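What follows is the residue order along each chain.
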Amino acid sequence: MQNTAIQKALPPAEVEEKPAASTDDAKINEQKEAAETAKQSATLETEALKADARKTENALPRVDFDKTETVCTTRWIRLDTLSYHVPLAKGDVATLRKWDRAVRTTKQSENSIDAVVILAILKNDVDDPTKDEIVCVKQFRPPVDAHTIELPAGLIDRNEDVADAARREFEEETGYVGEVVDVLPASYLSPGLTNESASLVRMEVDMTLERNRLIHGGQMKNSGLAGCEEDCGLEKLLLPRVGLLEALDDLRRREDVKLCAALYSLALGMSVGEQLRNESDCKIMK
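Residues numbered from 1 in each chain as written. Predicted model: local features only at pLDDT ≥ 70, side-chain atom pairs only at ≥ 80, totals over all residues. Heavy atoms only, no water.

**Q** Could you give an account of the overall build of the protein, with specific residues and numbers?
**A** When its secondary structure is counted, the protein shows seven helices and twelve strands. Going through the 286 residues of the protein one by one, you find that 28% of them count as buried. Taking as baseline every contact in the protein between residues at least 6 positions apart, the subset at least 24 positions apart corresponds to 54%. Approximately 19500 Å² of the protein is accessible, and the part contributed by carbon and sulfur atoms is 53%. (Helix = DSSP H or I, 4+ residues; strand = E, 2+ residues; numbered from the N terminus. Buried < 20%, exposed > 50% of the residue type's maximum accessible area, 1.4 Å probe, protein only. Contact = heavy atoms within 4.5 Å. Areas by Shrake-Rupley, 256 points an atom, 1.4 Å probe, with all protein chains shown as cover.)

So, in structure tokens, the structure goes:
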């Protein structure tokens, strides 16, 4: 009891207390933390920008389609101004350039195929390929103010299969019924001017079919021509498969027609192939 009384009489022990941080010190600490956080964010952002720059550099040149401007539109053609990024010298920033292009208003998407071009072989004698003929068309083309010699071709209708479009267009323009042999991937006709693409479709014309014989002999009229094709006097033209290049050159001299680049390139390639075969045959004979 006595010890307890003495304890109560003693004054409480003094506890050393740390002085409370001032308001200014707290603000300084907050500012330091904020600065550190901002520094880390800036570092991450810089790294992200560098990564994007590396990706952009690897992808250049490329078109920024979000910046495409439409200059004007008609029923069939739209004129766009494209913006595209190009790389400069090492260490410089990529720059933006402009390019005008024509787009078909019927084009369904950037990578959709616009048209078919038909390479049709008319088989006069199944046992003698040297008698084969290539079905071409001759028509007036206002853009060049001249008649042209071309392969049959036409636009693909919405949701239409490429092979179906080829069969339809071929019959409309020539009257023949053709059998699809092969459908090639899309290629571009004039990529410096337009994004128009076409699929080359190989076909064969079976001359054992009555319709084909009647069309070929002129006993049946082709009723498939309509609109501008009829106005431009489109007519079918049969040219020899062997010696196609010479036949085209002869037509150009005699009738002052203009030749489609696709057809002329085909003729040149076939001519080179014929020369190589002849040279190979000569070597074998020796």
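From this point, things continue past the structure.
**Q** Describe in detail unusual backbone geometry, supporting the description with residues and values.
**A** The phi torsion at Asn159 lies on the positive side, around 65°, for a residue other than glycine. Among the secondary structure elements, Asn159 is positioned in the loop between strand E8 (153–155) and helix H3 (162–174). Judged by relative accessible area, Asn159 falls into the exposed class, the value being 74%. With a phi angle near 55°, Asp256 is a residue other than glycine that sits in the positive phi range. Mapped onto the secondary structure, Asp256 falls in the loop between helix H6 (244–255) and strand E12 (258–259). Residue classification places Asp256 among the exposed positions, given a relative accessible area of 65%.

**Q** Give a description of the confidence of the model for the protein that names residues and reports values.
**A** For the protein, the mean per-residue pLDDT works out to 86, and 83% of the residues sit at or above 70. Between residues 4–8, whose pLDDT stays under 50, and residues either more than four places distant or in other chains, the model counts zero contacts. (pLDDT = per-residue confidence, 0-100.)

**Q** Before we move on, could you go through the packing of aromatic side chains and cite the residues and values that matter?
**A** Aromatic ring pairs are defined here through the distance separating the ring centres and the angle between the ring planes. This model, assessed by the stated rule, comprises two aromatic pairs. Ring centres of Tyr84 and Trp99 lie 6.4 Å apart, and the angle between their planes is 70°; on these two criteria the pair is classed as edge-to-face. Taken as a pair, Tyr84 in strand E3 (residues 77–86) and Trp99 in strand E4 (residues 95–104) lie far apart in primary sequence, 15 residues in all. Judged by its relative accessible area of 19%, Tyr84 falls in the buried class. Judged by centre distance (6.4 Å) and plane angle (25°), the ring pair of Phe170 and Tyr176 falls under stacked. The exposure classification of Phe170 matches that of Tyr176, with both residues buried. (Phe/Tyr/Trp six-rings, centres within 6.5 Å; stacked < 30°, edge-to-face > 60°.)

**Q** Can you lay out the nonpolar core for me, pointing to particular residues and giving the numbers?
**A** Counting 19 residues, the largest nonpolar core has Ile134, Ile149, Leu239 and Leu244 as its most contacted members. Of the residues forming this core, the biggest block, five residues, is contributed by H6. (Core = buried A, V, L, I, M, F, W, Y, C linked by side-chain atoms within 4.5 Å.)

**Q** Can you tell me about the state of the cysteines, naming the residues and giving the values?
**A** The final tally for this structure, using the stated rule, is zero disulfides. Its sulfur unpaired, Cys136 is 9.6 Å from the next cysteine sulfur, which belongs to Cys260. (Disulfide = S-S within 2.5 Å.)

**Q** An account of the pattern of salt bridges is requested, with residue identities and associated values reported.
**A** Tallied over the full model, the rule gives 19 salt bridges. A salt bridge links Asp164 to Arg167; the shortest N-O distance between them is 2.7 Å. Note that Asp164 and Arg167 are positioned in helix H3 at a spacing of three residues, about one turn of the helix. The class for Asp164 is partly exposed, based on a relative accessible area of 37%. Here Glu255 and Arg254 are joined by a salt bridge, their closest N and O atoms 3.8 Å apart. (Salt bridge = Lys/Arg side-chain N within 4 Å of Asp/Glu carboxyl O.)

**Q** Describe the side chain of Asp249, naming the residues involved and giving the relevant values.
**A** Summarising the element assignment, Asp249 is placed in helix H6. We classify Asp249 as buried; its relative accessible area is 16%. One polar contact links Asp249 to Tyr264, side chain to side chain, over a distance of 2.8 Å. (Polar contact = N/O pair within 3.5 Å; in protein donor to acceptor, adjacent residues only side chain to side chain.)

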